[in-house]
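Next come the chains, spelled out residue by residue.
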Amino acid sequence: MCFVVSLQSCICKMSCFMLTNVNITLLTWFLGVYVAQAVRLAPPQPPAWPATFSVNFHEEQHISFLPVSSNVGAWHYDFGNKIARFDHLQGQRDNFCHGRGLKLKDTLGDCHLLFNNTDMFVHYPRERQCCWACGAVEGCTVLKPTWLAGAKYLGQETINGTFCHGWEVQGAAAVDRWYQTEDGLPCRYSERIIYWPHSVHNFTFNRSTYKLDPIPASVFDVPDYCNVICPKPWR
């Protein structure tokens with residue numbers, strides 16, 4: 001009789017032990033799934049730009065659904081030296097290039113925006129026309145590589161057949177959006193100007209032209225004749 005009771009007690013303890021192990025295993029599995037889901041669902045952190053890069057783009061501008069312009073261009077960026085050059089080429093209607101009061105034969109001609117640490121110049125190289133448009137007070141300085149810090153994650157968007165992550169941040173003159181691939185290649189930069197008529201710029205990048213090589217200093221040279229204030233400075 002005592003043997004039977006002892007056997008029953010042993011079986012009971014073994015069952016409890018096995019059930020406890022099963023519960024621990026299930027709990028561990030659920031916790032693993034929860035953590036994995038939490039990690040997967042956590043939005044990617046806003047990226048930082050490399051200190052130096054250059055890339056070509058196709059630019060489109062529209063107001064509401066009305067097309068305004070379509071052209072190509074290039075960005076040259078060197079934050080280490082606090083310089084940049086943004087080229088908006090033939091056909092452009094860039095809001096910084098236009099409306100500065102320069103006497104031009106072709107307002108849609110190539111326009112270079114030249115940045116240094118304190119100023120931005122509007123330069124039409126074909127016509128040798130150039131002027132100071134704005135400075136640090138107006139927010140016209142070289143973007144910091146960390147300009148996306150604190151940006152809102154927008155999710156993924158397919159751009160030219162590639163999945164790209166997007167972020168949005170309020171800038172000095174526009175609501176800015178930046179899209180890039182998982183491995184950091186630029187897909188698109190978009191800006192919606194906060195001033196009337198609230199035009200939208202889309203810069204879709206040619207990823208095959210993206211380079212991190214040092215850029216010759218001559219690319220950023222401000223011409224000697226760029227020594228006057230624009231008749232109509234920015235803002």
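Our structure's up above, just so we're on the same page.
Attention here is on the structure that accompanies the text.

So, how was this worked out
- Residues numbered from 1 in each chain as written.
- Predicted model: local features only at pLDDT ≥ 70, side-chain atom pairs only at ≥ 80, totals over all residues.
- Heavy atoms only, no water.
- Pairing = 2+ DSSP bridges.
- Helix = DSSP H or I, 4+ residues; strand = E, 2+ residues; numbered from the N terminus.
- Axes fitted to C-alpha atoms, helices over the stretch in contact; angles between N-to-C directions.
- Disulfide = S-S within 2.5 Å.
- Contact = heavy atoms within 4.5 Å.
- Polar contact = N/O pair within 3.5 Å; in protein donor to acceptor, adjacent residues only side chain to side chain.
- Phe/Tyr/Trp six-rings, centres within 6.5 Å; stacked < 30°, edge-to-face > 60°.
- Buried < 20%, exposed > 50% of the residue type's maximum accessible area, 1.4 Å probe, protein only.
- Lys NZ or Arg CZ within 6 Å of the ring centre and 35° of its normal.

**Regarding the sheet that holds strand β1 (residues 52-63)**
- A sheet is described by the order of its strands in space; here eleven strands give the open sequence β6-β5-β4-β3-β2-β1-β11-β10-β9-β8-β7, paired in antiparallel fashion. Looking at which strands have only one partner, the edges of the open sheet turn out to be β6 (129-135) and β7 (152-159). Strand-to-strand twist across the sheet, computed as the mean angle between neighbouring axes with direction ignored, equals 20°.
- As judged from the eight bridges shared by β1 and strand β11 (residues 200-211), these two strands associate in the antiparallel manner. Each residue of the ladder has a partner; that of H58, found in β11, is T204.

**Thoughts on the state of the cysteines**
- Scanning all chains against the criterion turns up five disulfides.
- Paired through a disulfide, C164 and C187 show a sulfur-sulfur distance of 2.1 Å. Judged by the sign of its S-S torsion, about -80°, the cystine formed by C164 and C187 is left-handed. Of the two residues, C164 sits in strand β8 (residues 162-170) while C187 sits in strand β10 (residues 186-193), which places them 23 residues apart along the sequence.
- Across the protein chain, the way the bonded cysteines pair up, counted in sequence order, is 1-2, 3-9, 4-10, 5-6, 7-8.

**Looking at the environment of P233**
- Mapped onto the elements of the fold, P233 is located in the segment after β11.
- For the pair P233 and V122, spaced 111 residues apart in sequence, the C-alpha to C-alpha distance is 9.8 Å.
- In this structure, P233 is in contact with R100, W132 and A133, ignoring residues within four places of it in sequence.

**Section: the environment of Y77**
- Turning to its location among the elements, Y77 is positioned in strand β2 (residues 66-78).
- Spatially, the C-alpha atoms of Y77 and F53 are 5.4 Å apart, while their sequence positions differ by 24 residues.
- In terms of polar contacts, Y77 uses its side chain to reach the backbone carbonyl oxygen of L143, at 2.6 Å.

**Quick look at the side chain of N202**
- Inspection of the secondary structure puts N202 in strand β11.
- A distance of 2.9 Å separates the side chain of N202 from the side chain of S190, its partner in a polar contact.
- Not counting residues up to four positions away in its chain, the partners in contact with N202 are H58, E59, E60, H62, R188, Y189 and S190.

**Considerations on the packing of aromatic side chains**
- A full pass over the atoms with the stated rule returns 22 aromatic pairs.
- Taking 5.9 Å as the distance between ring centres and 50° as the angle between the ring planes, the aromatic pair formed by W49 and W75 counts as tilted. Of the two residues, W49 sits in the loop between α1 (2-41) and β1 while W75 sits in strand β2, which places them 26 residues apart along the sequence. The same class applies to W49 as to W75, namely buried.
- One residue, K82, lies across the ring of F79, its end atom 4.4 Å from the ring centre.

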